Amino acid sequence: MGAIGAIALFGFFNSGQASTVEELQKNIEQKNQEIKKLEEEAKKYRDEIVTQKRAQTTLKGELSRIENNIKKLRGDIVLTERKIQRAGLEIDTLKLEIREKEIAVNKLKQGLGGLIQIISESEQQSLLEILVRNSLLSDFFRQLDYAALTEKKILGSLDDLRVLQKELTIKKAQAEDKKDELENLQDSLQDRKKIQDSVKRDKDQLLKETKNQETRYQALLRETERKEEEILREMEELENELRKRVDPESLPQRRERFLLWPAEGLLSQEYGETPFTRGRGRDFYKFHNGIDISASVGTPILAADSGMVLAVGDTDRYCRRGAYGKYIVLDHKNNLATMYAHMSLIKVTTGQEVKRGDIIGYMGSTGLSTGPHLHFTLYDARTVEIRLGPKGTCGLLPFGGSINPLLYL
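From a predicted model like this one, the values you see are computed outputs, not experimental measurements. (Residues numbered from 1 in each chain as written. Predicted model: local features only at pLDDT ≥ 70, side-chain atom pairs only at ≥ 80, totals over all residues. Heavy atoms only, no water.)

K.L.:
So what exactly am I meant to see when it comes to the overall build of the protein here?
P.N.:
Scanning the protein from N- to C-terminus turns up seven helices and 12 strands. Put simply, the protein has 409 residues, and 44% of those count as buried. In the protein, 75% of the contacts between residues at least 6 apart in sequence involve partners at least 24 apart. Of the roughly 21,700 Å² that the protein leaves accessible, carbon and sulfur atoms contribute 51%. (Helix = DSSP H or I, 4+ residues; strand = E, 2+ residues; numbered from the N terminus. Buried < 20%, exposed > 50% of the residue type's maximum accessible area, 1.4 Å probe, protein only. Contact = heavy atoms within 4.5 Å. Areas by Shrake-Rupley, 256 points an atom, 1.4 Å probe, with all protein chains shown as cover.)

K.L.:
What is the right way to look at a positive patch on the surface in this model?
P.N.:
Residues Lys 44, Lys 71, Arg 74 and Lys 200 make up a contiguous surface patch of positive charge. Positionally, Lys 71 belongs in helix α3 (residues 59-123). (Patch = residues over 30% accessible without salt bridge, like charges linked within 9 Å, V, L, I, M, F, W, Y side chains within 5 Å. Salt bridge = Lys/Arg side-chain N within 4 Å of Asp/Glu carboxyl O. Lys, Arg positive; Asp, Glu negative; His and termini not counted. Charge placed at Lys NZ, Arg CZ, Asp CG, Glu CD.)

K.L.:
Can you walk me through the side chain of His 342 in this structure?
P.N.:
If you trace the backbone, His 342 turns up in strand β6 (residues 336-346). On the basis of relative accessibility, which here comes to 4%, the residue His 342 falls in the buried class. Looking at His 342, its side chain comes within polar contact range of the main-chain oxygen of Thr 366, at 2.8 Å. If sequence neighbours within four positions are ignored, His 342 has contacts with Ala 323, Tyr 324, Lys 326, Met 363, Gly 364, Ser 365, Thr 366, Gly 367, Leu 368, Ser 369, His 373 and His 375. (Polar contact = N/O pair within 3.5 Å; in protein donor to acceptor, adjacent residues only side chain to side chain.)

K.L.:
Help me out: how do you make sense of the pattern of salt bridges in this one?
P.N.:
Pairing between side chains of opposite charge can happen when their charged atoms approach one another. Counted by the stated rule, this structure contains 22 salt bridges. A salt bridge links Arg 245 to Glu 385; its shortest N-O distance comes to 3.6 Å. With Arg 245 in the loop between α6 (214-243) and β1 (266-269) and Glu 385 in strand β10 (residues 385-388), this pair connects stretches of sequence that are 140 residues apart. Asp 314 is the salt-bridge partner of Lys 326, the closest N and O atoms lying 3.7 Å from each other. Here Lys 326 is found in strand β5 (residues 326-331), whereas its partner Asp 314 is found in strand β4 (residues 307-314), with 12 residues between them in sequence. Sharing partners across several salt bridges, the network here consists of Lys 31, Glu 34 and Arg 82.

K.L.:
Please explain the nonpolar core as it appears in this structure.
P.N.:
If you look at soluble globular proteins, the nonpolar side chains tend to sit buried side by side. The biggest cluster of nonpolar side chains holds 28 residues, and the ones touching the most others in it are Ile 328, Leu 330, Tyr 340, Ile 360, Leu 374 and Tyr 408. If you list the elements that add at least two residues to this core, you get β2 (291-294), β5, β6, β8 (359-363) and β9 (373-380). What Leu 330 contacts, discounting residues up to four positions off in sequence, is Ala 303, Asp 305, Met 308, Val 309, Leu 310, Leu 336, Ala 337, Thr 338, Tyr 340, Val 354 and Ile 360. By size, the runner-up hydrophobic cluster in this structure holds 19 residues, among which are Ile 231, Leu 242, Cys 319 and Ala 337. (Core = buried A, V, L, I, M, F, W, Y, C linked by side-chain atoms within 4.5 Å.)

K.L.:
Looking at this model, I keep getting lost on the state of the cysteines. Mind explaining?
P.N.:
Cysteine pairs can be covalently joined through their sulfur atoms, and such a bond is termed a disulfide. Under the counting rule described, the total for this entry stands at one disulfide. The residue that forms a disulfide with Cys 319 is Cys 394, at a sulfur-sulfur distance of 1.8 Å. Across the S-S bond linking Cys 319 and Cys 394, the dihedral sits near 115°, which makes this disulfide right-handed. Note that Cys 319 is positioned in the loop between β4 and β5 and Cys 394 in the loop between β10 and β11 (396-399), a separation of 75 residues in sequence. Accessibility expressed as a relative area gives 3% for Cys 319, which makes it buried. (Disulfide = S-S within 2.5 Å.)

Structure (structure tokens):
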């Protein structure tokens, strides 16, 4: 390779595909604008749903609440589809940028090879030989200067190569992260479609049960309240005894953020005696065994800590609109266990190991629920029992000695 050709290869590669990258980036920005608008609409629906959280006292009001949930889920689906499209464009952009970096690295390596060959050839000649070969003294010094310049180019090229290799490694890592993000978004899209189908089935079931008649809806409300009293009385009796078995001394030290907050939303009911437990004039269920976090249907629910899935269940299969609905219990192997209730979709199975922050399901309004929320309970794991209640009304249920979750969140 000639000296001029070798030095020319030293320069950075100027991609002929730059316009393609620019076009992709323009499309990405367009998707960003669409996503921003959709997120603003989603927030509006989310705020409306949280405000209108409680089950309505009229059939018309309840159908309106359910329809708002369906609209919110429909918006979530469109939003997720746009994010999938954006992630695809970002992956395509990274692929082009990686290809450009790889070409630049290869061309720089070729240029280095040519420069090193020139230096190698010059080092095989003594200064006397170079002087004899050049009749003019000016040519002799020019050749020496050229050799020194070539060595300087090699050192510069090595620095450039290190920078390029580092940039290439970063781009490849970003591409892998984007592929993971795309897979998660695709998974989330399928989940949200399933949840939307489930909410639609609930609406159809309500219309079937009531035949779209207000009097039938009022009868259904009375029946739900009767079940509520039966189930809550049963849980109260069992868990009052189990709480006496909690051993605080052998539990992890209480501190903030020991557990991860399990879902985004508003803290709508705290632990223990609350306005809800005190305000209904009952002689039972005066103690709320967890906290409630209110948000919209489809809000992701996260594992509060790593552990094993001790149980999953769906009480609606046995007593529709009663107990916990779809629930999960996690054993964290440190004498603590957590329970997540009223879910719309469960993502884990019994015996599965989960990591802190994993999506284990989505918020819903199954079971004995006044609207979309997560009921989150923290137990002394040694007191947890997955069993039938005394009357066996709602199938297998988790019972245990509860602890205030806010001491660990």
